[in-house]
Amino acid sequence: MEFLDPLLLRYSEDHTSPESPWLKTINRDTHADVSRPRMLSGHLQGRLLAMVSHLVRPKAILEIGTYTGYSAICLAEGLAEGGRLITIDNNEELEGRVRKYFRESGWEQKIDFRIGKALDIIATLSDTFDLVFIDADKENYGNYFDAVIDKVRMGGWIIADNVLWSGKVLDVKPDKDTRAIVDFNRKVHLDPRVENILLPIRDGLMFMRRKG
Ligand SMILES: C[S@@+](CC[C@H](N)C(=O)[O-])C[C@H]1O[C@@H](n2cnc3c(N)ncnc32)[C@H](O)[C@@H]1O
């Protein structure tokens, strides 16, 4: 299910700052060479993530789900001086490609790319994060929220992607991943530690702010 008329989407993209040449390359190469390119955040959502990051000016960002590194670079754009972004993915096959993108685009020094299961790696982190982006396996969304909430500073942000799951959140008989997203949306909506807004942008973005 597309939530926005394709012509309006095109119009919105045409009136949004363009992707940098490197993001354009990653977007194009991912669509040409990598399976499931729809997972990449893309132009409009990428610019939104960059804009949010510029607003927050984070010193520390955690991303769960790197894929080919597109959203990591968008989020890194708003890092404060001396800040860094940790991004985690368990797909070893993409590691060489992603490290090359980070190196050649000039973001390597600010992006700490970790390979492994996200829950295992998060458990080893002692950082406090200003911004967390959840964009990996849907069945663990609730677990990711639980794993990161105490690592987010008071007033800090968590953003989760795909929370409308192509509209399947309305299914009467949801499949496993849809059930996980539905449970996640209810869980964070009812959690008194955060205020939240579900934005029907692209596949749905849940914004959560840790109450201070
Ligand atoms: C939707 S893609 C991320 C897209 C990326 N954030 C972007 O916007 O360009 C999801 C990624 O999560 C990774 N992933 C899935 N399960 C994971 C897990 N348990 N731990 C770490 N990464 C995982 C997949 O390998 C995949 O690359």
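Worth saying up front: this structure is predicted, and the values here are computed from it rather than measured.

What counts and how
- Residues numbered from 1 in each chain as written.
- Predicted model: local features only at pLDDT ≥ 70, side-chain atom pairs only at ≥ 80, totals over all residues.
- Heavy atoms only, no water.
- Near = heavy atom within 4 Å.
- Polar contact = N/O pair within 3.5 Å; in protein donor to acceptor, adjacent residues only side chain to side chain.
- Nonpolar A, V, L, I, M, F, W, Y, C, P; charged D, E, K, R; others polar.
- Axes fitted to C-alpha atoms, helices over the stretch in contact; angles between N-to-C directions.
- Helix = DSSP H or I, 4+ residues; strand = E, 2+ residues; numbered from the N terminus.
- Parallel < 35°, antiparallel > 145°, perpendicular 65-115°, else oblique.
- Left-handed = near helix turned anticlockwise from the far one by under 90°.
- Contact = heavy atoms within 4.5 Å.
- Pairing = 2+ DSSP bridges.

Draft legend 1. Representation of the site of the ligand. Taken together, 19 residues lie around the ligand, and Ser41, Gly65, Ser71, Asp89 and Asp135 are the ones closest in. The contact in question runs from a nitrogen atom of the ligand to an N or O atom on the side chain of Ser71, over 2.8 Å. Measuring from a nitrogen atom of the ligand, one finds a backbone N or O atom of Ala118 at 2.9 Å. When the residues that make up the shell around the ligand are grouped by side-chain class, the tally is seven nonpolar, seven polar and five charged.

Draft legend 2. Representation of the packing of helix α2 (residues 21–33) against helix α5 (residues 95–104) in the model. Running from N to C, α2 and α5 point in directions that differ by 165 degrees, and their axes come no closer than 11 Å. With respect to each other, α2 and α5 are oriented roughly antiparallel. Helix-helix and strand crossings are classified by hand; for α2 and α5 the assignment is right-handed. Taking contact as the criterion, the partners of Trp22, Ile26, Asp29 and Asp33 in α2 are, on α5, Arg97, Tyr101 and Glu104.

Draft legend 3. Broad picture of the sheet that holds strand β7 (residues 205–210). Taken in spatial order, the seven strands line up as β3-β2-β1-β4-β5-β7-β6 in an open sheet, and their pairing is mixed. Only two strands of the sheet have a single partner each, and these edge strands are β3 (111–115) and β6 (194–199). Each strand of the sheet is rotated relative to its neighbour by a mean of 15 degrees, with strand direction disregarded. Summarising the sheet, strand β4 (residues 129–134) and strand β5 (residues 152–161) pair through five bridges and their orientation is parallel. By the bridge assignment, Phe133 is partnered in β5 with Ile159. In the packing of α5 onto the sheet, the strands contacted are β2 (84–89) and β3, and the crossing angle to β3 comes to about 175 degrees. Taken strand by strand, helix α7 (residues 141–148) contacts β1 (60–64), β4, β5, β6 and β7, and its axis lies near 165 degrees from that of β5.

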